[in-house]
Every structure is written in C-alpha cells, then in structure tokens.
Amino acid sequence: MTSFNRSTSRRLKKLTQIPSVWEGDRRPLSSPSQHSDSEAKGECILWVDYSQGVVRGMDVVASDIGPEAIVRTLMQAMEHPQSPARPARPQRIVVKDREIQFYLRGVLQDLDIAIDYAPELPLIDELFRGFADILDSQTPDLPPQYAQILREKAFAIWQAAPWEFLEEQQILSIEINKWDVGTLYASVMGMLGMEYGILFYRSEESLKQFRAAVLRDEESTEHLEEAFLKQDCLFLTFESADETDEEDDLADLPLSEIDPTFGNIHPLEGLRSVLYDEEALVILVAIESLSRFIRDHRRQLHEDIFPTFSRRYRISLPQSEESTKSIAVTVSTMPQLAAELEEMAGFGVDEREIENLDFQSLQDDLIPEDSFLSLGVVSWEMLEYLRKGVSYHPAGEIKQVGDGLPVILIQTSRPKAKTVIERIETVGGLRAICFNPGADSFDGDRYDLGLLQTQNGELFLFGEFLDEDPIHVEARKKWNQRCKNTKGYCGLIIAKGLTGASRGNPQLRDMMALFEARSLSPKDLGIGTLQLMPQLKFE
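Think of each chain on its own: its residues are numbered from 1, step by step along the sequence as written. Under the rules for a predicted model, residues below a pLDDT of 70 receive no local features and side-chain atom pairs below 80 are neither given nor counted, while totals for whole chains, interfaces and linings still include all residues. Heavy atoms throughout the structure, all of them, feed into the side-chain values; hydrogens and water do not.

## Concerning the sheet that holds strand β12 (residues 310–316)
So the rule is basically this: Only strands that DSSP links by at least two bridges are regarded as paired with each other. Secondary structure elements follow DSSP: runs of H or I no shorter than four residues count as helices, runs of E no shorter than two count as strands, and numbering proceeds from the N terminus. Between N-to-C directions, angles cover 0 to 180 degrees, with each direction set by a line fitted to C-alpha atoms, over the stretch in contact for helices. Here a residue-residue contact requires only that any non-hydrogen atoms of the pair lie within 4.5 Å.
Spatially, β11-β10-β9-β8-β7-β6-β13-β12 is the arrangement adopted by the 8 strands of the open sheet, whose pairing is antiparallel. Among the strands making up the open sheet, the edge pair consists of β11 (270–272) and β12. If you compare each strand with its neighbour and ignore which way they point, the axes differ by 25° on average. One ladder, built from 8 bridges, connects strand β9 (residues 233–240) with strand β10 (residues 258–266); its direction is antiparallel. Within β10, the residue paired with Leu-234 across the bridge is Asn-264. Here helix α9 (residues 277–301) sits on the sheet in contact with β6 (172–178), β7 (181–189), β8 (196–201), β9, β10, β11, β12 and β13 (326–333), set at roughly 135° to β12.

## With respect to the nonpolar core
Nonpolar side chains tend toward joint burial in soluble globular proteins. Our working rule: The criterion is simple. A nonpolar core is a set of buried Ala, Val, Leu, Ile, Met, Phe, Trp, Tyr and Cys residues joined through side-chain atoms within 4.5 Å. A 1.4 Å probe rolled over the protein chains alone gives each residue an accessible area, and that area as a share of the maximum for its type sets the label: buried under 20%, exposed over 50%, partly exposed in between.
Membership of the largest hydrophobic core comes to 51 residues, with the highest contact counts inside it found for Ile-174, Ile-176, Phe-200, Phe-238 and Phe-262. Element by element, the count of residues in this core is highest for α9, at 12 residues. Apart from residues no more than four positions distant in its own chain, Ile-174 is found in contact with Gly-182, Thr-183, Leu-184, Ala-186, Phe-200, Ala-286, Ser-289, Leu-290, Val-329, Thr-330 and Val-331. Counting residues in each nonpolar core, the second largest holds 26 residues, with Ile-18, Met-78, Ala-88 and Ile-100 among its members.

## As for helix α12 (residues 380–389)
Operational definition: It is the directions from the helix axis to the C-beta atoms that the arc portrays.
Buried residues of α12: Trp-380, Leu-383 and Leu-386, and no others. The buried side chains of α12 occupy one side of the element, clustering within an arc of 105° when seen end-on. Facing away from the buried side of α12, by more than 90 degrees, are the exposed residues Glu-381, Lys-388 and Gly-389. On its buried side, α12 packs onto β14 (372–378), β16 (405–411), β20 (489–495) and β21 (511–520).

## Some remarks on the packing of aromatic side chains
To be explicit about the condition: Only Phe, Tyr and Trp rings take part, Trp by its six-membered ring, and two of them pair if their centres are within 6.5 Å. Stacked means planes under 30 degrees apart, edge-to-face means over 60, and tilted covers everything else. When the NZ atom of lysine or the CZ atom of arginine is within 6 Å of a ring's centre and also within 35 degrees of its normal, the charge is said to sit over that ring.
Under the definition given, this model contains 8 aromatic pairs. When the centroid spacing of 5.4 Å and the interplanar angle of 50° are considered together, the rings of Trp-158 and Trp-163 count as tilted. Centre to centre, the rings of Phe-435 and Phe-465 are 6.3 Å apart; their planes meet at 50°, and the pair counts as tilted. Note that Phe-435 is positioned in strand β17 (residues 430–439) and Phe-465 in strand β19 (residues 459–466), a separation of 30 residues in sequence. Phe-465 shares its class with Phe-435; the two are buried. Seen from the ring of Tyr-117, Arg-98 lies directly overhead, with NZ or CZ sitting 3.7 Å from the centre. In this structure, Arg-518 packs its charged tip against the face of Tyr-489, placed 4.3 Å from the ring centre.

## Re a nonpolar patch on the surface
Quick reminder of the rule: Surface patches are defined over residues having more than 30% relative accessible area and no salt bridge, joining like charges when they lie within 9 Å and nonpolar side chains (Val, Leu, Ile, Met, Phe, Trp, Tyr) when within 5 Å. To be clear on the numbers: accessible area is Shrake-Rupley with a 1.4 Å probe, and residue cover counts the displayed protein chains and nothing else. Each salt bridge in this description consists of a side-chain nitrogen of Lys or Arg and a carboxyl oxygen of Asp or Glu lying within 4 Å of one another.
Taken together, the side chains of Phe-228, Leu-229 and Leu-271 define a hydrophobic patch exposed on the protein surface, amounting to about 230 Å² of accessible area. Relative to the elements of secondary structure, Leu-271 occurs in strand β11. On the basis of relative accessibility, which here comes to 41%, the residue Leu-271 falls in the partly exposed class.

## Side note on the pattern of salt bridges
Within the structure shown, the criterion is met by 25 salt bridges. Residue Arg-202 pairs with Asp-232 through a salt bridge whose shortest N-O separation is 2.7 Å. One end of the pair, Arg-202, is in the loop between β8 and α7 (204–216); the other, Asp-232, is in the loop between α8 (221–229) and β9, with 30 residues separating them in the sequence. Judged by relative accessible area, which is 27%, Arg-202 ranks as partly exposed. Between Glu-279 and Arg-272 there is a salt bridge whose closest N-O contact spans 2.6 Å. Since its relative accessible area comes to 15%, Arg-272 is described here as buried.

## Thoughts on unusual backbone geometry
Cis geometry is adopted by the peptide bond preceding Pro-84, which originates at Ser-83 and carries an omega value of 10°. By the element assignment, Pro-84 lies in the loop between α3 (68–79) and β4 (89–95). A positive phi is found at Asp-180, a non-glycine position, where the angle reads about 60°. With respect to the helices and strands, Asp-180 occurs in the loop between β6 and β7. Taking relative accessible area as the criterion, Asp-180 reaches 83% and is therefore assigned exposed. The phi angle at Lys-487 is positive, at roughly 60°, despite the residue not being glycine.

Below you can see the structure in the form of structure tokens.
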C-alpha cells in the first residue's frame, strides 16, 4: 500500500486538529432516473465537515481512478479547504465504504485520525440528492424521443455532402406550414472546408439582414458577433467528436468521429444548443425533405447555373406525434434569391457589360499548345512586387480578403510569352476570365473550358479540363472561393522559363506580365454549353 512520505506526514501533523467529524465518499455523477453511461461522466469525491455543515473538498475524477484520488481530495480538504473553512485536521472521519475505510486506516495511521464506518452519511447523502435533482432538472440537448432519429438524419445529410455543389447563397426553400412555421430558407455551409452545416432561416428577411450585416462589417469581430446573434434560424452543424482534431478537415474524418450539433438562434434568445419538442420536429422534417430533394436532383444541382426546381414530399412523423402521422412539404430552389444575394456581395459583372459583350467564335490560337498552365493564388505581398516589377494592367480596386488574388498562370518560352502579352495589349487588355461547360458529342465527355475574354469581346481558349478530374475539381473549388473573397477580381500571369530550371514553378524574375480581370460565371457569359466540332475546335 502506498503511504505518505515522512516529510508529508510531519507537515500534515502540524495542522491544528479540530474536534469535528468529517464525512467522505465518492459516487457516480448521474441520477438514478438518467439512462446514460455514468462511467462517461466520472465520479465525484466529497469531503464535508459534518460538525460545521460545510464542504471542505470536492473533485471529479474518472471512474477507473484508484483510491489514491480520495486521499488527494482529503489532503486538499485539510491543507487548502474551500471557503469559509480554514486549514485543519479532523479528529474523526466516517465513510460508508468498507474498502475505503481500510485503505484510509493504512494511509492515515500516523496522523492520529480515527477512521470509522457508518451505513449512512446524512450530510453527503443530502448533497448528492441535491446533485441528482439538478441533473434531473437539466434540459437535454435534444428531446429524448427524437434524439436518435435526428442524429440518423443528420448523418444522412453528412454523407450526402450538399456543400460539395451548393454554395451558401444558393438557398432552398422548405415549405412546412405546421408548428407555427411557414417556410424555412436553407443555406448550406461547407464549400470553404471550414464549417459544415445548414442554417434554416425562419424568414427571408432574416437571411438578407444577416448577409448585409456581414458584408457591411466583415472586418469587425464585435459587429459580426452581434449580427450572428440577431439571426432567426434553426441550425445543424458538424464538429469533430475529438477536440484534438480541430486542425483536420472534417471531410477527411470517418463518420464515427463526426458529431452533429443542433440548435436555435434568435435575436431575443441568442444562441442555444438545445431543441425543444416542436423545434425538433421542425428540423427533423426539414432535414428529411432536404435529403430527399438532394437525392432526386443531385446531378442538376451540380450544374454551374443554379436551376429552378420544386418537389413535394410526404414526410412521416415519429409515433409520439399522435395528432398527425405525416405532413406534406415542398422544397424548391430559389435562383432569383441566389442572384440577389450574389449581387449584394458584388459577385458577377455589371449588367451593362454583359449586354455589350460582342461574342465571336471561340479562338484557340492565343496560348501556345506546349504551355504550362495552373490555377493558383498570389499572396497580397507578392502581388505588390508583381505590380511594380512586371508589365501591369489593373482592373480596379481590389480588397485584400482571403489568402491572395486568384490567378491563372501561363508559362511558355520568352518569345512566345512576349507575343501573347502584345496580342492582349493590342486589343485593349483582358476583360474577364471564365470557366464554361463544354461537351464532346462523339465520346460523351464533358469539359470545363478555361476562357479569356479580351476588352474587344473576343474569347480565347486557354485550357480544357475533364469534369471528372479530381485535381481540377479541387482547384476550381478554391478558385471559386477566392474569387468570391475578392468580389470577382482575379488575374492572368504570363511567365517565361518553360524549358529552364523553373519549369512548372516560375519565380518572380520569370514573370513578365500581370493582367487583372473580372471572373465571369457561365450565366454571365451567356453562351451555353460549347460543343466540340469535327474540326477539333470548340465553336
């Protein structure tokens, strides 16, 4: 048996011994009415002065911790007791566990403290009854009758991963018309790979107000927090079950390590991660109908242009909802609202610019065939060096948000690079960069075509990427988000050194020109899907 060092025993014996009786015990942190795993919550160790009616020491430990823990808490109760008690040593200790009694007799034998057994500990029993009442009165995060099915539906959403193809402004309406809820407006989070989940706004007005506040005060942490708490929505978010995995992308974790969280935000309530019965039913119906809609229209929702769809579903309710067995729910896309939110954020281009586009047949003779091409980003610091050191063509005032300016890099030989630069400059510079869908009617392949539009309206092909290429898909995701951060600004860098040591990784000295431009969506460009013709040209 482990015993005190002699120096520790001498130190404890110097404490004033008071004529009082202390009770001590350790018990699980759960009430009899709770059906949770008490071991997961640990055990509470209590030492109280029965004579004075005060708690002298308390600690919470894991259930598998040995009897040493009760001695450590006893030492704290003697040397560093909770206020208002003062350091002291009791004359007598009473416990209701025979094993603890024999253990303490051996450890405390040099301290002149009597260790007795009693079947009841009145003061500690009363304290633990109070703890149990508190535990029983706590509201669970989810109503017990809906907890399991809500988690199942949440995991179904996680596996459907709508954030892979839906952006935050691409809102889906969910018409429920029950429980005092008319229509919810679902905004999917996660395309950035930062926070995954779905916000279910109770009104279109709340959604717009929050977006406007974020755009207005995006650099003010205080104002952003205030805007966040003024939202009126239910939410489902996903987190890592292991807090040590915070640096990992949730999308890379197995399902067993994902933890769904539900809650409510309201201007008068603030944020709470608790759902009451009606709220649980509302979000259950919303998640189920959204899952079905994603399943039915997944391919169409992958398109660059946000489509117009509406679908009606009959959703069964849990058996505990006696009055109604099922309800009809209508889920619809909201492309007009999405366009309005994009306009609020400054995405896309001026409508007058779109009207003035002088589209001609697509040309593929601007960029040399053997060029090295990449989609990337230039840090804001590097951008300043580029602007001063190369042929620079600005497009407007760019706000420095995110990790830098999204750029297309074209690396070729020095003579060919000069030809490309001169040709773009001759027609007034670069107006826009766009990725537009293309298709090969012969083999059925679909492409993402990289296009450059010059100021005179001409379109030039700079790259053909298969839709199913995972590397390009990932690069496009990052490109889209960076363009979103910069309010639609991007750039084209022309570099030399294709055959030198810097091939595929041009340095600052290799870069010859920077053309800043606007990013256009296929909808902005308005030319539809381009078909590969027998001449092997896209027209």
